[in-house]
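Take a look at the letters that make up each chain.
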Amino acid sequence: MTSQTIFRTLLERPNVISSKYQAKQLHAQILKLEPSSPAHLSRLISIYSNFNLLHESLFVFNTLHSPPVLAYKSIIRCYVANGLLVQSLDLFLQMRSSGKKPDHNVFPSLLKSCTLLSDLKLGESVHGCIIRLGMDFDLYTCNALMNMYGKFQKVFSDKFRIEQNVSLNQARYILPQTNANSTIINQRYSKTNCRYMVEVDRRGSIMDSVKRVFEMMPKRDVVSWNTVIAGNAETGKYEEALMMVREMGSENLKPDSFTLSSVLPILAEYVDVHKGKEIHGYAIRHGFDNDVFIGSSLVDMYAKCARVEDALQVFNILPQRDSISWNSIVAGCVQNGLFDEGLRFFHQMLKAKVKPVPISFSSIMPACANLTALHLGKQLHGFIIRVGYEDNMFVASSLVDMYAKCGYIKVARWIFDRMDVHDMVSWTAIIMGYASHGQAYYAVSLFEQMEMEGVRPTYVAFVAVLTACSHAGMIDAAWRYFNSMTQNYGIDPGLEHYAAMADLLGRAGKLDEAFELISSMHRPAGSVWSSLLSACSVHGNFDLAEKVAKKIFEVDPENTGAYVLLCNIYAAAQRWKDAAKLRYLMRNKGIKKTTAFSWIKVKNDTHAFVSGDKSHPCYDEVNETLNVLLEKMEEEGYVPDRNEVLQDVESAEEIPYCLATKRQLPSFGIISSFLGQQFE
DNA sequence: TTAGGGTTAG
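Residues numbered from 1 in each chain as written. Chains lettered and ligands numbered in written order. Predicted model: local features only at pLDDT ≥ 70, side-chain atom pairs only at ≥ 80, totals over all residues. Heavy atoms only, no water.

Student: Any chance you could explain the overall build of chain A here in plain terms?
Tutor: Tallying secondary structure elements over chain A gives 35 helices and five strands in all. Of all 680 residues assigned to chain A, the portion counted as buried reaches 47%. Here the analysis covers contacts within chain A between residues at least 6 apart in sequence; of these, 64% occur between residues at least 24 apart. Accessible surface computed for chain A: about 35,300 Å², of which carbon and sulfur atoms make up 54%. (Helix = DSSP H or I, 4+ residues; strand = E, 2+ residues; numbered from the N terminus. Buried < 20%, exposed > 50% of the residue type's maximum accessible area, 1.4 Å probe, protein only. Contact = heavy atoms within 4.5 Å. Areas by Shrake-Rupley, 256 points an atom, 1.4 Å probe, with all protein chains shown as cover.)

Student: I'm lost on the nonpolar core in this one. Help?
Tutor: Considering soluble globular proteins, one finds that nonpolar side chains tend to be buried as a cluster. With 190 residues, the main nonpolar core has F107, I329, M402, I430, Y481, L532 and V548 as its most contacted residues. Leave out the neighbours within four places in its chain, and L532 touches L511, A514, F515, I518 and V548. (Core = buried A, V, L, I, M, F, W, Y, C linked by side-chain atoms within 4.5 Å.)

Student: Looking at this model, I keep getting lost on the protein's contact with DNA strand B. Mind explaining?
Tutor: Near DNA strand B there are 45 residues, and of these N143, S296, D322, N327 and K405 occur at the shortest range. For DNA strand B, the backbone makes up 39% of the atoms found within 4 Å of the protein, where backbone means sugar plus phosphate. S397 places a polar side-chain atom, nitrogen or oxygen, 3.0 Å from a base oxygen of DNA strand B. One of the side-chain N or O atoms of K405 is found 2.6 Å from a phosphate oxygen in DNA strand B. Tallied by class, the residues present in the surface near DNA strand B amount to 18 nonpolar, 17 polar and 10 charged. (Near = heavy atom within 4 Å. Polar contact = N/O pair within 3.5 Å; in protein donor to acceptor, adjacent residues only side chain to side chain. Nonpolar A, V, L, I, M, F, W, Y, C, P; charged D, E, K, R; others polar.)

Student: Which parts of the structure should I look at to understand helix 24 (residues 440–452)?
Tutor: Note: α-helices contain 3.6 residues per turn, so residues at a spacing of three or four share the same orientation. Over its 13 residues, helix 24 extends 18 Å from the first C-alpha to the last, a length consistent with the 18 Å expected when each residue adds 1.5 Å. Along helix 24, the residues classified as buried are A440, A443, V444, S445, L446, F447, E448, Q449, M450, E451 and M452. G454 occupies a position one or two residues after helix 24 and carries a positive phi of about 85 degrees. (Expected span 1.5 Å × (residues − 1).)

Student: Even after reading the chapter, I still don't get the packing of helix 27 (residues 495–507) against helix 29 (residues 526–538), so can you show me in this structure?
Tutor: Between two packed helices, what matters for the description is the angle formed by their axes and the separation of those axes. For the pair helix 27 and helix 29, interaxial distance at closest approach is 9 Å and the crossing angle is 5 degrees. Regarding the angle of helix 27 to helix 29, the classification is roughly parallel. Between helix 27, through L495, Y498, A499, A502, D503, G506 and R507, and helix 29, the contact on the second element is made entirely by S527, V528, S531 and A535. Among the residues forming the contact of helix 27 with helix 29, the class breakdown is six nonpolar, three polar and two charged. (Axes fitted to C-alpha atoms, helices over the stretch in contact; angles between N-to-C directions. Parallel < 35°, antiparallel > 145°, perpendicular 65-115°, else oblique.)

Student: Teacher, can you tell me more about the side chain of T560 here?
Tutor: Relative to the elements of secondary structure, T560 occurs in helix 31 (residues 560–572). Judged by its relative accessible area of 18%, T560 falls in the buried class. Not counting the four nearest positions on each side in its chain, T560 is found in contact with M586, I591, K592 and K593.

Student: Got a minute to help me understand a negative patch on the surface in this structure?
Tutor: Side chains of D620, E621, E624, E631, E634, E635 and E636 sit close together on the surface and give a patch of like negative charge. The topology assignment puts E621 in helix 33 (residues 619–635). (Patch = residues over 30% accessible without salt bridge, like charges linked within 9 Å, V, L, I, M, F, W, Y side chains within 5 Å. Salt bridge = Lys/Arg side-chain N within 4 Å of Asp/Glu carboxyl O. Lys, Arg positive; Asp, Glu negative; His and termini not counted. Charge placed at Lys NZ, Arg CZ, Asp CG, Glu CD.)

Student: Even after reading the chapter, I still don't get the packing of aromatic side chains, so can you show me in this structure?
Tutor: Each pair of aromatic rings is reported with the distance of its centres and the angle of its planes. Per the stated rule, a full pass over the model turns up 21 aromatic pairs. Aromatic side chains F462 and Y489 sit 5.8 Å apart centroid to centroid with 55 degrees between the ring planes, which places their arrangement in the tilted category. One end of the pair, F462, is in helix 25 (residues 459–472); the other, Y489, is in helix 26 (residues 475–489), with 27 residues separating them in the sequence. One exposure class covers both F462 and Y489, and it is buried. (Phe/Tyr/Trp six-rings, centres within 6.5 Å; stacked < 30°, edge-to-face > 60°.)

Student: In this structure, what is going on with unusual backbone geometry? I would like to understand it.
Tutor: Trans is the prevailing form of peptide bonds, just as negative phi is the prevailing case for residues other than glycine. Backbone geometry at N52 places phi at a positive 60 degrees, although glycine is not the residue there. Position of N52 among the secondary structure elements: in the loop between helix 3 (38–50) and helix 4 (54–61). The phi angle at V271 is positive, at roughly 50 degrees, despite the residue not being glycine. With respect to the element layout, V271 can be found in the loop between helix 13 (257–270) and helix 14 (273–285).

Below you can see the structure in the form of structure tokens.
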């Protein structure tokens, strides 16, 4: 074969050119053999642009006096791939003014530019151009059109959601509640509602555009279906998305890895592990389980369905892991309460030299918060500042929560005040922080501030404010919020809200009122009754206690806490026979009190305290210290109530403080050195 | 021409 034949073959079958080096060799051959052939030069531009070589492509393009369509569309594609979006649209206009008729390959690139520029109007103009040129039946062009409209629909949807739940930071002034404030709140909501209607119309019309394009298509491929399915999945139209996955089959198209990427998050949201497993089986049968996207989605789906073991299994056999698969397993562990495991994976991720992103920190921070591992939380905070993630709303909210849970409410407030915008979660985190620190005034004031700024309180925000009221004995305010949930926001009170109210009323001695409230619940849970049982014990209402205990045993016959509490109540009332009968019943039923323990971290060791254990080497010293503290407390007027403790069902010990073995948390010193070394 | 992960809960 002569060099000329090879040259022609290469130009006719550009796919055989597998490297940038070969492309440059071909360029040299063209210059040598046919340097002025626009057809050859255009093919060369196309080959260069396939390798994303913008500089080389432009170099050749600028030598052409009247570039053919192939040259234009190759440069346009290369511009888009390099993020030069305005330039891509400029070149399209230049091509049109030179009289060249664009073919169907040009539009996907242009539509991508409009999407990346977030310019819907421009996208609609391009759509008009597509229709005028009669390209609106082309498969690739239609797929790209649907993709563009789908992306805009998601942007509108996300933007609207954020506007609903975000306010500017004006939390530095705390206004008292007045009628004037209520008027402002109402005005804000009526404005919000107007905007809501406009946005709903806008989103609806964009989704109609996606549908219209889809329905007009003479032929659809798997990408067409995937695009519409993803559009529905991302905007919460789950049933529609799943229905379309089933409908694909009627056009003889099988779901591929992209389809599964849309389906798995829906099943995670539905907590439907059975269907999730079916999809997992399908993925294995079709070889998609090696796909890193599917792997991450499976990890996430299993974790959200509380199947951490399955999530770990999928993660452990992943042939390749990227930042997202690591974040998925870290978040999966933490969300399921496996904090140590989550921290270990975070550590391993750093060791694997995967750079943490904001999501990594907002996923791991709740582990520090729930373990009250302040030292680690502070180290991570330092790292967050160094890499500049402290302004991320998710990261900042998780920091607010971590500091509040670790006892540093002032630092939590400082971080909260520094945030430019507050969403519903950050408000709730700081309100709950104040509530758990017993600073109900701040919690309630901030809740009202949040309402003033037009952020709609949610189910969780009401849990927070009612908890605050409960701790401070604010009965009137609590009733106001409890009633406001349904009346103003249409949120049905749940278990947590009833529990806070029952706790509040019980502590205040309003036992009958609490009984009535709990009885009004649809299906009162044992835990809500339990707080009333405890209040009955404190206030010495033994008759009601028996009634309440009966209610608990109806819904939860093996509620250990209720047995123990009732036993103690009988003991306090000197009803020894009843107490003994109950204890006998417990033994018969095999009900045992779960061992509770608390722990304290001293330097790098965590020491756990369990009733009845004398194994710790410093047992005597600890007991001595406890006695000193007890004496001091008694000097200041504390009278220990030993009536109930003496009759504790499972323990014969009078003072249940002893020491158990050390519990080892991950060593954060090691993580700290990684943070410092690798990513500064 | 199409894809995956995050913060608040007595």
